[in-house]
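What follows is the residue order along each chain.
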Amino acid sequence: MNSDAAYLSRAIELATANVADSGGPFGAVIVTADGQAFDGVNRVTANNDPTAHAEVTAIRNACAALKTFDLSGAVLYTSCEPCPMCLASALWARIDRVVYAADRHDAAAAGFDDALFYEYFETPVEKRSMPVSQLSGETRNAPFDAWTAAASRIDY
């Protein structure tokens, strides 16, 4: 298995099988530059974890197995277009590219409408449905000062 179509087919198979295992209809495969593959499935309702999307789960599995937080050179294959959280996770993991099958409109037709999340980021800050505000104090930079001074830190 070494083509985009084959890995994408694997992600779709994982997603379909996950439905029978009390999970959501989403699957993902991370393939590293050297060909190692790591699976992930959606466990949001099964684990009561809203962050347990297939893409995030695959990223977690790959990073844990490889003992790294940097998946540079890897490709994320996913059964459906990644939501904003999953795209951000792929960016943080330094994944090189994403290949998906169904799109956000297909997901919405099945009851998984991410439009609210896309709209949230497109809405001006002062008009967003969930307010996010800064409460700044004198010690607001203490964690960053500690980080900068830490000789043992690992930059990322």
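Residues numbered from 1 in each chain as written. Predicted model: local features only at pLDDT ≥ 70, side-chain atom pairs only at ≥ 80, totals over all residues. Heavy atoms only, no water.

By the naming in an unreviewed UniProt entry, the chain is Nucleoside deaminase, taken from Arthrobacter koreensis.

A.B. asks: Where do I start with the environment of Val 19 in this structure?
C.D. replies: Mapped onto the fold, Val 19 is located in helix 1 (residues 4-19). Judged by its relative accessible area of 47%, Val 19 is partly exposed. Sequence separation between Val 19 and Ala 52 is 33 residues, and the spatial gap between their C-alpha atoms is 14 Å. In this structure, Val 19 is in contact with Gly 24 and Pro 25, ignoring residues within four places of it in sequence. (Helix = DSSP H or I, 4+ residues; strand = E, 2+ residues; numbered from the N terminus. Buried < 20%, exposed > 50% of the residue type's maximum accessible area, 1.4 Å probe, protein only. Contact = heavy atoms within 4.5 Å.)

A.B. asks: Would you explain the sheet that holds strand 3 (residues 75-80) in this entry?
C.D. replies: Working definition: the strands of a sheet are paired by backbone hydrogen bonds and lie parallel or antiparallel to each other. Ordered by their spatial adjacency, four strands build an open sheet running 2-1-3-4, and the pairing between neighbours is mixed. This sheet does not close on itself; its edge strands, each paired only once, are strand 2 (37-41) and strand 4 (97-102). Strand-to-strand twist of the sheet, defined as the mean angle between neighbouring strand axes without regard to direction, takes the value 15°. Here five bridges tie strand 1 (residues 27-31) to strand 2, and the two strands are oriented antiparallel to one another. Residue pairing across strands places Ala 28 opposite Gly 40, the latter belonging to strand 2. Across the sheet, helix 1 lies against strand 1, strand 2, strand 3 and strand 4, angled at about 145° from strand 1, the strand it touches most. Each of strand 1, strand 2 and strand 3 is contacted by helix 3 (residues 54-66), which is oriented at about 140° to strand 2, the strand it contacts most. (Pairing = 2+ DSSP bridges. Axes fitted to C-alpha atoms, helices over the stretch in contact; angles between N-to-C directions.)

A.B. asks: Explain the packing of helix 3 against helix 4 (residues 84-92) here, please?
C.D. replies: Angle between the axes and distance between the axes are the two parameters that describe a pair of packed helices. One can describe the packing of helix 3 onto helix 4 by two numbers: an axis separation of 8 Å at closest approach and a directional angle of 25°. Judged on the interaxial angle alone, helix 4 and helix 3 are roughly parallel. Crossing of helix 3 against helix 4: the hand is left-handed. Taking contact as the criterion, the partners of Glu 55, Val 56 and Ile 59 in helix 3 are, on helix 4, Met 85, Cys 86, Ser 89 and Ala 90. Considering only residue class, the contact of helix 3 with helix 4 consists of five nonpolar, one polar and one charged. (Parallel < 35°, antiparallel > 145°, perpendicular 65-115°, else oblique. Left-handed = near helix turned anticlockwise from the far one by under 90°. Nonpolar A, V, L, I, M, F, W, Y, C, P; charged D, E, K, R; others polar.)

A.B. asks: Is there a simple way to explain the side chain of Ser 79 in this structure?
C.D. replies: Counting through the fold element by element, Ser 79 comes out in strand 3. Classification of Ser 79 as buried rests on a relative accessible area of 8%. Apart from the residues within four sequence positions on either side, Ser 79 is in contact with Ala 11, Ile 12, Ala 15, Pro 25, Phe 26, Gly 27, Ala 101 and Ala 102.

A.B. asks: Please explain the nonpolar core as it appears in this structure.
C.D. replies: Proteins that are soluble and globular tend to have nonpolar side chains buried together. Judged by nonpolar contacts, the single largest core of 17 residues is most densely connected at Ile 30, Ile 59, Leu 71, Leu 76 and Ile 95. For this core, the secondary-structure elements that each account for two or more residues are strand 1, helix 3 and strand 3. Top contributing element to this core by residue count: helix 3, with five residues. Beyond its immediate sequence surroundings of up to four residues, Ile 30 is in contact with Gln 36, Ala 37, Phe 38, Ala 58, Ile 59, Ala 62, Leu 71, Ala 74, Val 75, Leu 76 and Ile 95. Within the second largest apolar cluster, ten residues are counted, among which are Val 41, Val 75, Tyr 77 and Val 99. (Core = buried A, V, L, I, M, F, W, Y, C linked by side-chain atoms within 4.5 Å.)

A.B. asks: How do you make sense of the pattern of salt bridges when you look at a structure like this?
C.D. replies: In a structure, side chains of opposite charge can pair up when their charged atoms sit close to one another. Taken as a whole and judged by the stated rule, the model has six salt bridges. In this structure, Asp 49 and Arg 60 form a salt bridge, with 3.8 Å as the shortest nitrogen-oxygen distance. Of this pair, Asp 49 sits in the loop between helix 2 (44-47) and helix 3 while Arg 60 sits in helix 3; the two residues are eleven residues apart in sequence, bridging distant segments of the chain. For Arg 60, a relative accessible area of 42% gives the class partly exposed. Asp 155 is the partner of Arg 153 in a salt bridge, and the nearest nitrogen-oxygen pair spans 2.8 Å. (Salt bridge = Lys/Arg side-chain N within 4 Å of Asp/Glu carboxyl O.)

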